[in-house]
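# Geometric and topological summary
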Amino acid sequence: MSVQATKADVDRVAAAIRRRVLLHTIENNGGYLCQACSSAETLATLYLRVMHLGPSVGPLIPREFDGVPGPGWPAGSGAAYNGERGPDNDRFLLSCTHYSLGLYAALIEVGRLDEHALDHYDRDGSTVEQIGAEHSPGIEVTTGSLAQALSIGLGIALARQERGDRGRVWVYMSDGELQEGQTWEALSLAAHHGLDHLGVYLDANGSQCDGPIYAVHEVEPIAERVRSFGWKVHEVDGHDSDALVAPALEPSHGKPLFVIARTCSWRGIPSLESRANKHYVRFRPGEAELALRDLRLSAEDARS
Amino acid sequence: MSAIEQVSRPYAASFVEFARNRREVLCLSADLTNSVEIDDFKKVCPDRFISCGLSEQAMMGVAGGLAREGLLPYVHTFAVFVTRRPYDQVAMSIAYPNLRVHLMGFLPGLTTPGGVTHQAIDDIALMRVLPNMTVVDCGDATDVESVLDATEDVDGPVYCRILRGRVPRLFREPLELGRARVLESGDDVCLFTSSVCTGEAMPAVAALRAKGLSIGHVHVSTLKPFTDPAVLEAVGAARRGVISLENHLVTGGLGSSLAELMAEQAIGHRLVRMGLYDTYAHGGSLPYLLEYYGLSARHVVDAVERLTGERFGIELERAAESEGAPSTEKAEAL
Ligand SMILES: Cc1ncc(C[n+]2csc(CCOP(=O)(O)OP(=O)(O)O)c2C)c(N)n1
Ligand SMILES: [Mg+2]
C-alpha cells in the first residue's frame, strides 16, 4: 500500500486495466472482459490503497509451467507477486479465478508484472492460465472451483490470529459464489471466530454465466443476509475508489468485514451493455470497433 | 483414411429430440447452460428446465427429490462439478436409494482448457466405486447422440461423460450399453481406449497394423458394468500384452477395470496402463496436454514397441492432428 495513492491514481490504473483487457480480448478472440470492467477500480484500490503488501518477489516475466505441487514442489508460488510474507503484511486470495485476466492486467499496471505478460496468457506451457492456479501470477490458492477461497482465507486468518499477526487477509469474490453452500458455511464460521482481520470484497456485478443473477438464482438481499450472519457489511459504489477504501479504514469491533462493491459489467465500455452474454466476450464483426471507440482507441491500437 | 464427419454440438439436438416428448424428463442446469449444450432445450421446453445456479450440492438433492416423485431428472454441468463438489450428495441422495437420475458430465479429463480445477481426471474412479451407479464414457458424436436412448431404461443412477462442441463421428452404429466396440481384432497386442483417446489412437493402430503387427483395438464406453464378453475375449487373445489408454488417471478407470478383470479371470498377460500417472494436470490445449502427459498416438506406438521389444519405424503427426482426433477448438465460458 502506498499511503499517497489517491482516487485519481486508481482511476488511471483502472482505465489502463480496461484498455489492456479489451485489446487482449480482441487479439485473443475472446476473454473475460466484463469482469475486468466491473472489477477494475476494486482491484486497483486493493493494490494501491487498501492492501499492505511488500514489493513483488515474483519474476517480472512469468515463469514457464514446471510442475504441479507435490513432494519437493512447493504450492502457491503465484503469491510471490504479492510480496514477502510477514506478520504485518496482508494476504490476497482471488476466489473467482476466471477474473485472472483482470488480475494479471492489474499486476502489470501496478508494476508487479512485465507489460508483455499477457502474451503468455492461455499459451501452452505457461503459468499465466486462463483460470489461474496457484502457480499463476498473483494467485495464492487454486480456486477455479468456485467458492473455496473464503474458507481457506478463514484458515489462514485463524492461524494469523493465533500468531498475533497484524496483517489482514483479503478475499476477492464474485456474486455468483454466493450461490454455493460453502460460502455460507464459511461466513458463519468466520463470524463465530470473530475474525476481524478477515475481509471480503465482493464484485456484485449482477451477472453470471447464464445471465442476470436474479433470473438464474437470486442472491439478494446480500447486505441483509451477510449482516445476519454476523459480519460488518458495507455496500458501496464499486467504481468509486474513495468509497471502496473507507470500510477498510474503520475499526471492525471483532467482526469480519464484508464490502459489497456494486458494479457494472460494461463500465467504461458502454457498447457491451446490449450483449446477451456478459460472462465471456467474443466479438462479432463490427463490435470490437464499437468497444474501441468507447475507450477512444483505434484499430491501430488493437493491432500494435 | 476416408474423410471423417465433424458434428457440431451433437448433444444439443439429441437432448431436445429425446426429452421433447417425454413429459417426465426434466433438465437441471448449474449456470453452464450454453457450455453444456442445453440452451436449445431451454428455449423449446422452458417449463421443464430447472435453473439451479452455482449450487451443485443442492442440485443433486433436488434431483433425488424429483426422482422420488417419479420424474426423470437429467443433471447437467461440467464433469468435474458433477463428481467432486457434490460427491456425498450424489452418493447418499441419489446412488444409495438407487434413483433414476442421469448425471451428464461435460468437458471430461483433459478436454477443458480450464486447468486443474476444471479437469475431471478422477470422475470415473469416483463414480465407478459408488454402488448402484452405471458409468458411460462417450468417445465420438454417435456415442453422444445415442447415449440417451441407450441408458434410458437403466434402473438406477447413470453417470455419462459427454463430449461437446465439434465432435468427430468415428462410429456408425449406436452405442449399446454394456457393449464395447471391437474396432480391430488381433492376437499380438490389444489396445483398449475410451473417450477422446479412441480417435487419438486410431492412426497409431492403423500404422502398426500396416507394419504387420496383429494389434486389436477396442473402444470401451461402458465402464460399469464391465462385463462385456467381447472385452474378455480380446484380452485373452492378446498374447503379448494389453494396453489401456484413457483420458483419466490410470487408477480407478479403464486400466484399473482391465486389471481387475484380468486378475479375476486369471489371464496372465502384461498390462500397460496409459493415462495420468498419479498427478494433477495443468491448463493447456488438448494436443499439448496429450503430448505432455504421454497420451498421444505417438506414445501408443512407443508403448507397443516397449511391450513387444520391436521397432516399427513409424512417424506420426502431432497429437490430435488427425481427422478422427478430438476437436482443438477453443471452448468458451468456463
Ligand atoms: C463450483 C463451480 N461451479 C461452476 C463453475 C463454472 N463457472 C465459472 S464462472 C461461473 C459464474 C460465476 O458467477 P460470477 O462469478 O458472478 O459470474 P460473472 O460475474 O463473472 O459473470 C460458473 C458457473 C465453477 N467454476 N465452479
Ligand atoms: Mg457476477
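Because the structure is a prediction, the values reported are computed rather than measured. (Residues numbered from 1 in each chain as written. Chains lettered and ligands numbered in written order. Predicted model: local features only at pLDDT ≥ 70, side-chain atom pairs only at ≥ 80, totals over all residues. Heavy atoms only, no water.)

The subject of this paragraph is the state of the cysteines. Considering all chains together, one arrives at zero disulfides over all chains under this definition. Looking at A:Cys264, it has no disulfide partner, and the nearest cysteine sulfur is the one in A:Cys37, 8.0 Å off. (Disulfide = S-S within 2.5 Å.)

The next thing to look at is the side chain of A:Glu140. Residue and element names in this part refer to chain A. Within the fold, glutamate 140 resides in the loop between helix H3 (100-109) and helix H4 (149-163). Of note is the side chain of glutamate 140, whose polar atom sits 3.5 Å from the side chain of arginine 85. Polar contacts involving the side chain of glutamate 140 include one to the side chain of arginine 91, which spans 2.7 Å. If sequence neighbours within four positions are ignored, glutamate 140 has contacts with Gly76, Ala79, Arg85, Arg91, Phe92, Leu93, Glu134 and Ile156. (Helix = DSSP H or I, 4+ residues; strand = E, 2+ residues; numbered from the N terminus. Polar contact = N/O pair within 3.5 Å; in protein donor to acceptor, adjacent residues only side chain to side chain. Contact = heavy atoms within 4.5 Å.)

Residue and element names in this part refer to chain A. On the basis of which strands lie adjacent, the open sheet formed by five strands has the order S1-S2-S3-S7-S6 and parallel pairing. Two strands in the sheet have a free side with no partner beyond their single neighbour: strand S1 (91-94) and strand S6 (232-237). In this sheet, adjacent strand axes meet at a mean angle of 20 degrees when their direction is disregarded. Across four bridges, the pairing between S1 and strand S2 (residues 169-174) is parallel. Note on S2: the bridge partner recorded for leucine 94 is tyrosine 172. Against the sheet, helix H8 (residues 241-249) makes contact with S2, strand S3 (198-204), S6 and strand S7 (257-262), and its axis sits at roughly 165 degrees relative to S6, the strand it touches most. (Pairing = 2+ DSSP bridges. Axes fitted to C-alpha atoms, helices over the stretch in contact; angles between N-to-C directions.)

What follows is about the domain arrangement of chain B. Residue and element names in this part refer to chain B. Domain boundaries in chain B define domain 1 (7-168) and domain 2 (181-321). Once you take the C-alpha centre of each, domain 1 and domain 2 turn out to be 27 Å apart. Between domain 1 and domain 2, the contact holds 31 residues from the first and 31 residues from the second. Summing the contributions of domain 1 and of domain 2, the shared interface buries around 2200 Å²; its carbon and sulfur component is 54%. Per-residue buried area on domain 1 facing domain 2 is highest for Leu110, Ile121 and Arg128; these three make up 35% of the total on that side. If you look at where domain 1 meets domain 2, you find two salt bridges. A salt bridge links arginine 181 to aspartate 143, with the shortest nitrogen-to-oxygen separation between them at 2.7 Å. (Domains from an automatic or database assignment. Buried area = accessible area lost by both parts, 1.4 Å probe. Salt bridge = Lys/Arg side-chain N within 4 Å of Asp/Glu carboxyl O.)

Residue and element names in this part refer to chain B. Where strand S13 (residues 241-249) meets strand S14 (residues 271-276), five bridges bridge the pair, whose relative direction is parallel. Considered in S14, the bridge of leucine 245 is made with methionine 274. For the segment spanning S13, helix H10 (residues 254-264) and S14, crossover handedness is right-handed. (Right-handed = clockwise from strand over helix to strand, strands pointing away.)

On to the site of ligand 1. Surveying the vicinity of ligand 1 reveals 23 residues, the closest of which are A:Gln35, A:Ser174, A:Asp175, A:Asn205 and B:Glu56. Close to ligand 1, residues of chains A and B are found. Within the backbone of A:Gly144, a nitrogen or oxygen atom sits 2.8 Å from a nitrogen atom of ligand 1. Contact distances for ligand 1 include 2.8 Å between an oxygen atom and a side-chain N or O atom of A:Asp175. (Near = heavy atom within 4 Å.)

A word on the coordination of the magnesium ion (ligand 2). Residues and elements named next belong to chain A. The protein atoms that coordinate the magnesium ion (ligand 2) are Asp175 (OD), Asn205 (OD1) and Ser207 (O), at distances of 2.1 to 2.2 Å. Along the chain, the residues donating to the magnesium ion (ligand 2) fall in the pattern D-x29-N-x1-S. Of the two residues, aspartate 175 is situated in the loop between S2 and helix H5 (181-192) and asparagine 205 in the loop between S3 and strand S4 (207-208); the sequence distance between them amounts to 30 residues. Taking relative accessible area as the criterion, asparagine 205 reaches 12% and is therefore assigned buried. (Donors = N, O, S within 2.8 Å, 3.2 Å for Na, K, Ca; no water. Buried < 20%, exposed > 50% of the residue type's maximum accessible area, 1.4 Å probe, protein only.)

Right, let's get into the side chain of B:Thr222. All names here are of chain B. Along the chain, the position of threonine 222 falls in strand S12 (residues 222-224). From its side chain, threonine 222 meets the backbone nitrogen of glycine 178 in a polar contact 2.8 Å long. With sequence-adjacent residues up to four places away left out, threonine 222 is seen in contact with Val135, Val136, Glu176, Leu177, Gly178 and Arg179.

Residues and elements named next belong to chain B. Residue placement: phenylalanine 78 occurs in strand S4 (residues 72-78). On the basis of relative accessible area, phenylalanine 78 is assigned to the buried category, the value being 1%. Spatially, the C-alpha atom of phenylalanine 78 lies 17 Å from that of alanine 281, the residues being 203 residues apart in sequence.

Angle between the axes and distance between the axes are the two parameters that describe a pair of packed helices. All names here are of chain A. Closest axis-to-axis distance for the helix H1 (residues 7-27)/helix H2 (residues 33-50) pair is 8 Å, and the angle between their directions is 145 degrees. Where H1 crosses over H2, the two elements pack in a sense that is right-handed. Across from Lys7, Asp9, Val10, Asp11, Val13, Ala14, Ile17, Arg18, Val21, Leu22 and Thr25 in H1, the residues of H2 making contact are Leu33, Ala36, Cys37, Ala40, Glu41, Ala44, Thr45, Leu48 and Arg49. Its residues assigned to classes, the contact of H1 with H2 comprises twelve nonpolar, two polar and six charged. (Left-handed = near helix turned anticlockwise from the far one by under 90°. Nonpolar A, V, L, I, M, F, W, Y, C, P; charged D, E, K, R; others polar.)

B:Phe15, B:Leu103 and B:Phe192 are the most contacted members of the largest nonpolar core, which has 114 residues in total. When residues of this core are assigned to domains, at least three map to each of domain 1 (7-168) and domain 2 (181-321) of chain B. Those residues within four positions of B:Phe15 in sequence are excluded, and the remaining contacts are B:Arg20, B:Val25, B:Cys27, B:Ile38, B:Phe41, B:Tyr74, B:His76 and B:Leu148. Listed in part, the 63 residues of the second largest apolar core include A:Tyr201, A:Val259, A:Ala261 and A:Ala291. (Core = buried A, V, L, I, M, F, W, Y, C linked by side-chain atoms within 4.5 Å.)

With that settled, consider the sheet that holds S13(B). Paired through backbone hydrogen bonds, the strands of a sheet run either parallel or antiparallel to each other. Residues and elements named next belong to chain B. Across the sheet, which stays open at both edges, the five strands sit in the order S9-S11-S10-S13-S14 with mixed pairing between neighbours. With one partner strand each, in any of the chains shown, strand S9 (181-184) and S14 form the two edges of the open sheet. Neighbour to neighbour, the strand axes of the sheet diverge by 20 degrees on average, direction disregarded. Sheet topology places strand S10 (residues 189-193) next to S13; five bridges connect them, and they run parallel. Across the sheet, residue phenylalanine 192 finds its bridge partner in S13, namely serine 244. Lying over the sheet, helix H12 (residues 297-308) contacts S10, strand S11 (215-219), S13 and S14, oriented at roughly 145 degrees with respect to S13.

Glancing now at the pairing of S6(A). Residues and elements named next belong to chain A. Pairing analysis gives six bridges linking S6 to S7, with the strands arranged parallel. Across the sheet, the residue bridging to glutamate 235 is isoleucine 260, located in S7. Viewed along the sheet, the connection from S6 through H8 into S7 turns out right-handed.

Contacts between chain B and chain A engage 35 residues on the former and 34 residues on the latter. In total, about 2600 Å² of surface goes out of reach between chain B and chain A, with carbon and sulfur atoms giving 45% of it. When the shortest N-O distance is used, the salt bridge between B:Arg85 and A:Glu180 registers 3.2 Å. Our count for the contact surface shared by chain B and chain A stands at 16 residue pairs in polar contact (both at pLDDT 80 or more). Broken down by secondary-structure element, the contributors of at least two residues to the side of chain B that touches chain A are helix H3 (56-68) and helix H11 (286-292) of chain B. Tallied by class, the residues present in the side of chain B that touches chain A amount to 14 nonpolar, 16 polar and five charged.

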